[in-house]
Amino acid sequence: MTTDPAPVPSVPVGALDALRALHRDGGLDRHFDRVPALLAALDRTDLARAARLLARADPARARAHHPGLPAVTVALTGGGTLDALRTALLAELARHGFLPEVRLTGFGSYVHELGDPGSSLHTEPADVTVCVLDHATVFDEVPVPFTAEDVADALRRKLTLWRGLATRFADRSSGTLVLNTLPLPRNQQAQLLDLPSRARLGAAWRTANAELLGFGQDLGRVVVLDVDPLLGGPVELADARFDAYAGARFSDAFLAAYARELGHLVRAVTGRTKKVLAVDLDETLWGGVLGDDGVEGIEVAHGRRGEAFHRVQGVVKQLQSQGVLLAAVSKNDRDTVVAALRDHPDLRVREEDFVRILAGWQPKAESLRALAGGLNLGGDSVVFADDNVRECAAVGAELPETTVIPLDGDPALHVTRLLADGWFTTTEVTSEDRVRTRRYREESARADFLSAAGSAEEFLDGLGVTVRLAPAAPAEIPRLSQLTLRTNQFNLTTRRLSAEEVRAGAAGPGTAVLGLTAGDRFGSNGLVGAVFLRAEEKVLHIENMLLSCRVFARGIEQACLAALLDRAAGAGFAEVRGAYRPTAKNAKVAGLYAHYGFEELGPEEPGFRTDGSDTGGPDTAGSGTGGPGADVPGPVGPSGGTAAGTVFVHRLERRPEVPGHLTLDAAEDLLPAPGTPALTT
């Protein structure tokens, strides 16, 4: 079904009024492509009002109208009333660009829903299942009167129950299960009159929460949200009347904050984490105007405002240390900017912390386009922060795919605004993330080397590319999962896999997961690719193959396929098969299999497992160059959605060779043995 061609009516200037007009025009499901930008312009009060409008949208109709939008399904269960959470979560997910469906289970039914294989959570699985835990599930089993030791006993019983439910659910489900820590209401603590009893209760409660947080480390596909920080602002944990009369254990304000955190989490587990933080400098990273005040005159660390900016620098440095690419986008003289970053004694961020410094007098939207293009990323991977409301408005108008954070006003509020939406929240920070800036700076040196080379052949011959292809080591599993979540351009089937799924594929039997590490004269590129294999009698299936955009056009994919095909022939396989499933961003590899001697076999069989999403994730989003099939478009579905896939087969006769300009080190045990069929994940 295509979007109704009827014209969209003119709408008032206000974003909330615009949403109401779209709703009156025939339903927000029909106009859902316009919803995220309008929601982004709302404050929290108006967002709550908009959420009630979104609750009336029909998810099925919205998906039919907009098949190219990333869809996500979330199931909510718990011990109390969660209607307010469902409503708030619809708005949060839509604000982040998702087309959401949020389902509610019956009141207080979480034990049945998680534990019974016949429940709706198992028969109608969601991408993310949220089980909201609350204090009442504990205190309902505490006698009256009670002691701190009674509560501790109840907590131990509940932890045993919750761990069992989480373990069984994670074993049966391919989605992510979200639990939360338990806030301790003051009304419960205050019923113990002596201070030592209150201390023992607090210790037992905190111990239980620590064990809950450990579930996220111990159990695959389980995430535990720490909700205590949500109570740091003016948020009441519960409304006593709604708690008593309606079973609403948490206040609407608390559930709205919970929904906000869930929005960040869903974006992370679906691979939509942002990658670049582009910051203005004057009145953003430091106080004053560098061109007027000079390097010595800007406010960096001392005085009332200087301390506020010093904190901003610390937060930016903290994000950069965990894989966020930091860029400066400033209307300033570049030499003066570099001098400040190199020479000011009190700055917490230095020139080497920035992957790019774009200082000049061109429009900032132009600088941001150049930034994304130079990093081979899409504009949707970039978050831009600036204190100037006019600059923010101009960037928002010209680059709607780029996230804009206005930092106007008091610099003491900059940190809160930078962190409010968790744009860089990820499922795990890997060793590759911690050196990402260095990798990209090395890539800049490669680009300079390429520009100085006389030809592409001369560039490759002088680059000294080395490639290591080997079974995935245990320490590489998180990074390989991350690659499946974030890689879009060179991703043949766009299968998004959790760390547990990658680990299962690596363990076999009949399957293998290969990691691809690359380097050259400028340094290591790190773990940049993956191959997922499955043996079925005499057929070796390439379940997926993906490669980071940082190493495109260097012959790495040819070397990898040459090694796989040679090993398959030597191991006794009769043929190698692989599928290409087109998305809005992987057209560059549409012709890859044909380029290397594979024949088209036909459409893939029904039931091929993929989430079908095109996340625009940060590792390889945007445009890139090079690679076989780069100019051969695939049959991308309507509005950029995922179309049906095609299967290719290689009979192992005329096989490609490893390119002469690179050195390949391929491990001996690359393939699962023929004749050991394995179930697909």
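Cut-off values and rules
- Residues numbered from 1 in each chain as written.
- Predicted model: local features only at pLDDT ≥ 70, side-chain atom pairs only at ≥ 80, totals over all residues.
- Heavy atoms only, no water.
- Helix = DSSP H or I, 4+ residues; strand = E, 2+ residues; numbered from the N terminus.
- Buried < 20%, exposed > 50% of the residue type's maximum accessible area, 1.4 Å probe, protein only.
- Pairing = 2+ DSSP bridges.
- Axes fitted to C-alpha atoms, helices over the stretch in contact; angles between N-to-C directions.
- Contact = heavy atoms within 4.5 Å.
- Parallel < 35°, antiparallel > 145°, perpendicular 65-115°, else oblique.
- Nonpolar A, V, L, I, M, F, W, Y, C, P; charged D, E, K, R; others polar.
- Phe/Tyr/Trp six-rings, centres within 6.5 Å; stacked < 30°, edge-to-face > 60°.
- Lys NZ or Arg CZ within 6 Å of the ring centre and 35° of its normal.
- Polar contact = N/O pair within 3.5 Å; in protein donor to acceptor, adjacent residues only side chain to side chain.
- pLDDT = per-residue confidence, 0-100.
- Right-handed = clockwise from strand over helix to strand, strands pointing away.
- Core = buried A, V, L, I, M, F, W, Y, C linked by side-chain atoms within 4.5 Å.

Draft legend 1. Main features of unusual backbone geometry. For the bond from V144 to P145, the omega torsion is 0°, close enough to zero to count as cis. Structurally, the position occupied by P145 is in the loop between α8 (136–139) and α9 (148–172). Not every positive phi belongs to a glycine, and E283 is a case in point at roughly 65°. For E283, the position within the fold is in the loop between β6 (276–279) and α14 (290–297). For E283, a relative accessible area of 23% translates into the label partly exposed. One non-glycine residue, E537, lies in the positive phi region at around 55°. By the element assignment, E537 lies in the loop between β14 (523–536) and β15 (539–547). The exposure class of E537 is partly exposed, given its relative accessible area of 48%.

Draft legend 2. Local environment of the sheet that holds strand β5 (residues 222–225). Spatially, β2-β1-β3-β4-β5 is the arrangement adopted by the 5 strands of the open sheet, whose pairing is parallel. In this open sheet, the two strands that pair with only one neighbour each are β2 (99–104) and β5. With strand direction ignored, the average angle separating the axes of adjacent strands in the sheet is 20°. Where strand β1 (residues 71–78) meets strand β3 (residues 128–132), 5 bridges bridge the pair, whose relative direction is parallel. The residue of β3 that forms the bridge with A75 is T129. Against the sheet, helix α11 (residues 195–218) makes contact with β4 (176–180) and β5, and its axis sits at roughly 150° relative to β5, the strand it touches most. Helix-sheet contacts for helix α13 (residues 252–269) involve β1, β3, β4 and β5, and the interaxial angle to β3 is about 150°.

Draft legend 3. Inspection of the packing of α9 against α11 at higher detail. With their axes 9 Å apart at the nearest point, α9 and α11 run at an angle of 10° to one another. Classed by the angle they form, the pair α9 and α11 counts as roughly parallel. Where α9 abuts α11, its residues A148, E149, V151, A152, L155, L159, W162 and R163 lie against S197, R200, L201, A204, W205, A208, E211, L212, F215 and D218. Considered class by class, the residues forming the contact of α9 with α11 number 12 nonpolar, 1 polar and 5 charged.

Draft legend 4. Looking closely at the packing of aromatic side chains. This structure, assessed with the given rule, holds 7 aromatic pairs. Centroid distance F250 to F254: 4.7 Å. Interplanar angle 40°. Geometry classified as tilted. Pairwise contacts between aromatic rings join F139, F146 and W205 into one cluster. The ring of F98 has R272 sitting right over it, with the charged end atom 5.1 Å from the ring centre.

Draft legend 5. Summary view of the side chain of T270. Relative to the helices and strands, T270 is located in the loop between α13 and β6. Here T270 falls in the buried class, since its relative accessible area comes to 18%. In terms of polar contacts, T270 uses its side chain to reach the backbone carbonyl oxygen of V266, at 2.7 Å.

Draft legend 6. View of the confidence of the model for the chain. Summarising the model, the chain shows a mean pLDDT of 85, and 90% of its residues fall at 70 or more. Confidence drops under pLDDT 50 across residues 1–12; counting only partners more than four residues distant or on other chains, this segment forms 24 contacts. Below pLDDT 50 for its whole length, residues 607–642 participates in 136 contacts with residues either more than four positions away or in separate chains.

Draft legend 7. The arrangement of the pairing of β1 in detail. Judged by how many residues are buried, β1 sits mostly within the fold: 7 of 8 residues are covered. Note that the unit made of β1, helix α5 (residues 83–95) and β2 has a crossover that is right-handed.

Draft legend 8. Region of the structure containing the nonpolar core. Judged by nonpolar contacts, the single largest core of 48 residues is most densely connected at L533 and I542. Counting residues per element, this core draws most heavily on helix α25 (residues 556–571), which supplies 8 residues. Apart from the residues lying within four places of it in its own chain, the contact partners of L533 are G510, T511, A512, L514, L540, H541, I542, E543, L564, L670, L671 and P672. By size, the runner-up hydrophobic cluster in this structure holds 35 residues, among which are A126, F139, L155 and F215.

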